[in-house]
Number of protein chains: 2
Amino acid sequence: MRSIKVDFGDRSYPIHIGSGLLQNIGERCVEAGFPVRSSLLVVSDTEVAPRYLPALEAALQQKGYTVYSHVIPAGEASKSLTVYEEVMTTAIQAGLDRHSAVLALGGGVVGDLAGFVAASYMRGIGFMQIPTTILAHDSSVGGKVAVNHPLAKNMIGAFYQPSMVLYDLNTLLTLPPRQVSSGLAEVVKHGLILDKEFAYWCREHAAELLGLNLEVLGYALERGCSIKADVIRNDEREQGVRAILNLGHTIGHAIEAVGGYGVLLHGEAISIGMAGSALLAAKLGRDKSIYEETVSMLSALSLPVRLPAHYDEDELMEAMMHDKKFKEGKMTFIVPDAIGSVSIVNDVQASLVREVIAQLKKEGSPW
Amino acid sequence: MRSIKVDFGDRSYPIHIGSGLLQNIGERCVEAGFPVRSSLLVVSDTEVAPRYLPALEAALQQKGYTVYSHVIPAGEASKSLTVYEEVMTTAIQAGLDRHSAVLALGGGVVGDLAGFVAASYMRGIGFMQIPTTILAHDSSVGGKVAVNHPLAKNMIGAFYQPSMVLYDLNTLLTLPPRQVSSGLAEVVKHGLILDKEFAYWCREHAAELLGLNLEVLGYALERGCSIKADVIRNDEREQGVRAILNLGHTIGHAIEAVGGYGVLLHGEAISIGMAGSALLAAKLGRDKSIYEETVSMLSALSLPVRLPAHYDEDELMEAMMHDKKFKEGKMTFIVPDAIGSVSIVNDVQASLVREVIAQLKKEGSPW
Ligand SMILES: NC(=O)c1ccc[n+]([C@@H]2O[C@H](COP(=O)([O-])OP(=O)(O)OC[C@H]3O[C@@H](n4cnc5c(N)ncnc54)[C@H](O)[C@@H]3O)[C@@H](O)[C@H]2O)c1
Ligand SMILES: NC(=O)c1ccc[n+]([C@@H]2O[C@H](COP(=O)([O-])OP(=O)(O)OC[C@H]3O[C@@H](n4cnc5c(N)ncnc54)[C@H](O)[C@@H]3O)[C@@H](O)[C@H]2O)c1
Ligand SMILES: [Zn+2]
Ligand SMILES: [Zn+2]
């Protein structure tokens with residue numbers, strides 16, 4: 001088992017990564033500080049619950065917990081206030097009290113939704129993240145929880161740290177291949193931002209990663225989580241440096257919003273966004289090799305780096321203007337300076353971004 | 001102007017109390033740290049907005065702020081997830097960003113709802129409380145914000161401290177008499193909990209308080225807020241001592257839930273609840289004079305101390321069992337030991353509480 005500590009003073013918590021960890025979920029809940037005999041609410045989705053919920057419930061009950069569950073439809077559409085209220089109803093009907101905890105068993109959708117429930121049920125109860133996607137190595141660490149508003153993604157939420165992140169690698173074995181690649185986009189993102197060596201390591205080990213070699217994957221998730229933990233420790237509420245974790249996300253979110261959520265997966269959209277950021281870097285005078293290398297790494301992980309031709313540039317620009325990363329109308333971008341190093345650049349001209357988007361739609365070399 | 005500091009380290013904030021303070025609202029927003037030229041969203045209700053919103057908007061605009069407003073229907077029913085989503089929609093359409101702030105102009109309903117919007121819009125933006133009821137001296141201080149779930153009051157919310165509480169006493173002059181009394185219930189509650197002298201002072205000055213003598217009222221609100229600020233400073237998230245502020249609320253919340261919200265006002269319900277707590281105290285061996293004095297103080301403020309006969313005991317008991325102040329089925333009550341002093345008593349027998357409720361319905365002396 002690999003363990004990382006996320007350091008937030010008296011709200012610090014561990015991330016445990018390993019195969020078969022769910023077998024000891026009862027012990028883990030005790031370690032997380034959830035009183036035995038209290039009520040736990042497991043939130044999961046229709047893909048994950050049939051595979052992993054029964055064993056989880058049984059293990060928790062055996063330890064003496066009273067277990068309730070709420071299964072949401074799989075997919076981004078469940079990150080809504082409507083589903084949020086339904087989970088709240090379950091929690092109230094189950095009689096959860098201030099000593100209870102919410103366990104998020106699933107990917108980023110389940111984690112973000114269940115986290116906001118935990119953050120706001122009775123103004124905050126216990127919370128554990130049990131990620132079952134690769135992408136969720138990112139979403140389960142750092143305490144950003146949210147639901148979407150029909151007009152904008154992740155608009156309603158909180159900063160709410162879990163008491164523990166428990167990553168059972170065995171659950172990843174049932175992930176569909178596109179979800180594997182999508183998750184690896186956030187893994188390599190952590191390398192691209194802060195760890196050159198790790199970024200190249202991801203390219204070298206692309207085959208094992210895509211093939212779900214759990215030993216290799218465990219290392220990748222440990223590195224990804226460590227890098228993220230280091231960044232957020234000093235900026236829990238994203239007032240400054242934490243923004244670097246949004247590499248590729250400004251363009252990526254716009255792609256998701258314009259294309260419809262789920263058409264391109266989150267990791268696929270930000271993969272295109274990271275290619276776009278590297279193109280923008282070239283336009284701002286950085287070395288063109290950053291783009292070449294970025295594209296090569298992403299492609300090795302079976303990720304898209306071009307924007308499908310039907311995406312409308314005006315609509316994408318419009319969506320970006322609404323994105324929360326813009327202060328008072330100015331465009332802010334996370335721009336790579338090299339592989340493994342980025343800057344936060346304010347005052348990026350909209351016309352440059354528009355050029356980048358046009359080029360992302362073209363085949364062949366941009367130069 | 002009277003000013004009190006609520007001490008939460010680097011999240012400390014002032015409460016300003018005085019006549020005509022709204023005239024300088026622009027300056028206050030600057031002091032509160034809201035950047036000039038940022039967007040502010042004023043949330044108010046249909047009773048308060050026509051009276052005070054236009055002047056407030058004009059003053060803010062004059063200072064250079066961009067001002068949006070959202071007016072909710074007056075009344076407890078607006079503390080719902082539905083109205084919460086509507087306010088969120090306004091905020092998104094207005095393009096509020098992380099530098100924006102929400103101003104709650106109204107009573108506890110507006111403050112609780114707008115506070116939860118501020119706490120969760122983009123995971124938390126600026127927030128100012130501008131209370132316009134006496135009751136809101138309580139709700140605007142301490143950072144408890146929430147909306148109701150159809151099944152339970154205040155079930156969905158956060159701990160989220162404002163940047164400032166701005167109390168313009170002039171706004172209180174338009175309060176209907178029942179709202180005045182209802183608000184004074186929470187004022188005298190602060191005396192009953194921790195300040196014997198202040199509790200007796202309230203009884204002595206009942207006529208001036210009910211007659212809205214702003215000098216006398218200003219002092220009462222200052223004392224009430226100070227007592228509350230002292231308690232919460234050491235227990236922001238109500239893990240211990242803060243619970244004493246719930247004197248009268250276990251029975252009071254049950255009365256509100258069973259009778260229908262708004263039938264008895266919140267302060268009226270907790271007035272009956274405080275009389276009930278004093279009765280319970282007598283049953284637990286405390287001096288009977290606590291009950292006599294409590295009832296005399298509440299009556300002097302035109303508050304009810306008896307439960308209307310049609311309230312069903314079983315329904316009230318049932319409602320209390322659902323109340324969040326019960327850990328794992330045991331009943332916890334805040335019980336007066338004397339005027340100005342209370343204890344948190346766990347393991348109160350349900351049968352005793354049932355006796356108290358029966359007696360609250362009877363005319364005449366309980367002994
Ligand atoms: N909070 C954050 O900091 C943060 C960071 C990144 C992404 N996110 C959010 O995360 C979400 C995306 O997360 P995701 O990619 O995990 O999406 P997801 O939760 O929708 O999971 C992807 C799909 O895989 C299925 N699935 C999950 N685990 C499985 C398993 N073990 N076997 C088989 N199928 C499984 C799910 O049912 C779903 O259909 C987005 O909403 C995004 O906004 C949040
Ligand atoms: N957050 C907390 O710590 C806390 C503490 C106590 C109570 N509360 C909550 O506060 C709410 C009750 O607060 P409230 O009594 O202020 O209720 P309220 O906000 O409903 O106001 C009472 C009535 O007075 C009207 N009103 C307000 N200001 C007025 C004015 N200046 N002139 C004329 N009319 C005016 C309102 O429109 C409303 O009809 C409840 O929801 C309760 O749960 C919260
Ligand atoms: Zn992401
Ligand atoms: Zn109250």
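Residues numbered from 1 in each chain as written. Chains lettered and ligands numbered in written order. Predicted model: local features only at pLDDT ≥ 70, side-chain atom pairs only at ≥ 80, totals over all residues. Heavy atoms only, no water.

Digging into the packing of helix H6 (residues 177-194) of chain A against helix H7 (residues 196-204) of chain A
Residue and element names in this part refer to chain A.
- H7 packs onto H6 with a crossing angle of 145 degrees between their chain directions and a minimal axis gap of 6 Å. Between H6 and H7 the crossing geometry is left-handed. Between H6 and H7, the residues in contact are Val187, Val188, Gly191, Leu192 and Leu194 and Lys196, Phe198, Ala199 and Cys202, respectively.
- Its residues placed into classes, the contact of H6 with H7 shows 7 nonpolar, 1 polar and 1 charged. (Axes fitted to C-alpha atoms, helices over the stretch in contact; angles between N-to-C directions. Helix = DSSP H or I, 4+ residues; strand = E, 2+ residues; numbered from the N terminus. Left-handed = near helix turned anticlockwise from the far one by under 90°. Contact = heavy atoms within 4.5 Å. Nonpolar A, V, L, I, M, F, W, Y, C, P; charged D, E, K, R; others polar.)

Let's talk about the relation of the copies chain A and chain B
- Rotating chain A by 180 degrees about the axis while translating it 0.0 Å along that axis superimposes it on chain B, leaving an RMSD of 0.0 Å. In short, the pair behaves as if placed about a two-fold rotation axis. No C-alpha of chain A lies nearer the rotation axis than that of Leu81(A), which sits 4.1 Å from it.
- Most of the interface of chain A is mirrored in chain B: 100% of its interface residues are interface residues there too. (Least-squares fit on C-alpha atoms with pLDDT ≥ 70 in both.)

Let's talk about the site of ligand 2
All names here are of chain B.
- Contacts to ligand 2 come from 27 residues, most closely from Asp45, Glu76, Thr133, Lys153 and Thr174.
- Take Asp45: an N or O atom from its side chain is 2.7 Å from an oxygen atom of ligand 2.
- Gly108 places a main-chain nitrogen or oxygen 2.7 Å from an oxygen atom of ligand 2.
- Look at ligand 2: alone it shows 860 Å² of surface, and the protein chains cover 91% of it.
- Within the residue set of the shell around ligand 2, elements represented by two or more residues are helix H2 (49-62), helix H4 (108-120), helix H5 (136-139), strand S8 (152-159) and helix H6 (177-194).
- When grouped by side-chain class, the residues that make up the shell around ligand 2 number 6 nonpolar, 10 polar and 11 charged.
- Taken domain by domain, the shell around ligand 2 gets at least three of its residues from each of domain 1 (2-174) and domain 2 (177-360). (Near = heavy atom within 4 Å. Polar contact = N/O pair within 3.5 Å; in protein donor to acceptor, adjacent residues only side chain to side chain. Areas by Shrake-Rupley, 256 points an atom, 1.4 Å probe, with all protein chains shown as cover. Domains from an automatic or database assignment.)

A short note on the site of ligand 1
Residues and elements named next belong to chain A.
- Neighbouring ligand 1 are 27 residues; Asp45, Glu76, Gly108, Thr133 and Thr174 lie closest to it.
- In this structure, an oxygen atom belonging to ligand 1 sits 2.7 Å away from a side-chain N or O atom of Asp45.
- It is helix H4 (residues 108-120) that contributes the most residues to the shell around ligand 1, 3 residues altogether.
- Partitioned by chemical class, the residues of the shell around ligand 1 number 6 nonpolar, 10 polar and 11 charged.
- A domain split of the shell around ligand 1 shows at least three residues from each of domain 1 (2-174) and domain 2 (177-360).

Considerations on the coordination of the zinc ion (ligand 4)
Residues and elements named next belong to chain B.
- For the zinc ion (ligand 4), the full set of protein donor atoms is Glu186 (OE), His249 (NE2) and His266 (NE2), and the range of their distances to it is 1.9 to 2.2 Å.
- Of note, the donors binding the zinc ion (ligand 4) are all from one chain and are spaced E-x62-H-x16-H. Taken together, the residues span a long stretch of sequence, with Glu186 in helix H6 and His266 in helix H11 (residues 266-283) at a distance of 80 residues. The residues Glu186 and His266 share a single accessibility class, namely buried. (Donors = N, O, S within 2.8 Å, 3.2 Å for Na, K, Ca; no water. Buried < 20%, exposed > 50% of the residue type's maximum accessible area, 1.4 Å probe, protein only.)

A closer look at the confidence of the model for chain A
- Per-residue confidence for chain A averages 95 on the pLDDT scale, and 98% of its residues sit at or above 70.
- In the predicted assembly, ipTM is 0.93 and pTM is 0.95. (pLDDT = per-residue confidence, 0-100.)

Examining the interface of chain A and chain B
- Taken together, the contact pairs 36 residues of chain A with 36 residues of chain B.
- Counting each side, the surface lost to burial between chain A and chain B is near 3,300 Å², with a carbon and sulfur contribution of 57%.
- The tally of links between chain A and chain B comes to 2 salt bridges.
- Among the elements of the structure, helix H3 (81-93), H4, strand S7 (144-149) and strand S8 (152-159) of chain A are those that each provide at least two residues to the side of chain A that touches chain B.
- Residue contributions to the side of chain A that touches chain B peak at 7 residues, all from H3(A).
- Partitioned by chemical class, the residues of the side of chain A that touches chain B number 18 nonpolar, 8 polar and 10 charged. (Buried area = accessible area lost by both parts, 1.4 Å probe. Salt bridge = Lys/Arg side-chain N within 4 Å of Asp/Glu carboxyl O.)

What to know about the coordination of the zinc ion (ligand 3)
Residues and elements named next belong to chain A.
- For the zinc ion (ligand 3), every protein donor is listed as Glu186 (OE), His249 (NE2) and His266 (NE2), and the spread of their distances is 1.9 to 2.2 Å.
- Spacing between the donor residues of the zinc ion (ligand 3) along the chain follows E-x62-H-x16-H. Of this pair, Glu186 sits in helix H6 while His249 is found in helix H10 (residues 249-259), placing the two residues 63 residues apart along the sequence. The residues Glu186 and His249 share a single accessibility class, namely buried.

Focus: the UniProt feature "binding site: Zn(2+)" (unreviewed entry) in chain A
All names here are of chain A.
- Taking the numbering used here, the UniProt-annotated feature "binding site: Zn(2+)" (unreviewed entry) corresponds to Glu186, His249 and His266. Their sequence span is 81 residues, while the largest C-alpha to C-alpha distance among them is just 10.3 Å; these annotated residues converge on one region.
- Here the side chain of Glu186 touches Lys189 through a polar contact of 2.8 Å, side chain to side chain.
- Look at His249 and you get buried, because its relative accessible area is 5%.
- In contact with His249, not counting residues within four places along its chain, are Glu186, Lys189, His266 and Ile270. (UniProt positions renumbered as here; feature names shortened; annotations may be inferred.)

Quick word on the packing of H3(A) against H4(A)
Residue and element names in this part refer to chain A.
- In the contact formed by H3 and H4, the axes pass within 10 Å of each other and the chain directions differ by 55 degrees. Relative to H4, the element H3 lies oblique. The element H3 and its partner H4 pack so that their crossing is right-handed. Here Val83, Tyr84, Val87 and Met88 of H3 lie close against H4, whose contacting residues are Leu113, Phe116, Val117 and Ser120. (Parallel < 35°, antiparallel > 145°, perpendicular 65-115°, else oblique.)

Details of the domain arrangement of chain A
Residue and element names in this part refer to chain A.
- According to the domain assignment, chain A consists of domain 1 (2-174) and domain 2 (177-360).
- Inter-centroid distance (C-alpha atoms) of domain 1 to domain 2 is 26 Å.
- Opposite the 27 residues of domain 1 that make contact, domain 2 presents 34 residues.
- Taken as a group, Arg2, Ile134 and His137 account for 23% of the area that domain 1 buries against domain 2, more than any other trio of residues on that side.
- Between the two partners, domain 1 and domain 2, sit 10 residue pairs in polar contact (both at pLDDT 80 or more).
- The set of elements that each furnish at least two residues to the side of domain 1 that touches domain 2 consists of strand S1 (2-6), strand S2 (13-18), helix H5 (136-139) and S8.
- Top element by residues in the side of domain 1 that touches domain 2 is S1. It accounts for 4 residues.
- Split into classes, the residues belonging to the side of domain 1 that touches domain 2 amount to 13 nonpolar, 6 polar and 8 charged.

Quick notes on the pattern of salt bridges
All names here are of chain B.
- Here the structure, examined in full by the defined rule, presents 44 salt bridges over all chains.
- Note that Glu27 is salt-bridged to Lys63, the shortest N-O span being 2.9 Å. A residue pair is termed long-range when its members are at least 10 positions apart, and Glu27 in helix H1 (residues 25-31) and Lys63 in the loop between H2 and strand S4 (66-72) qualify at 36 residues.

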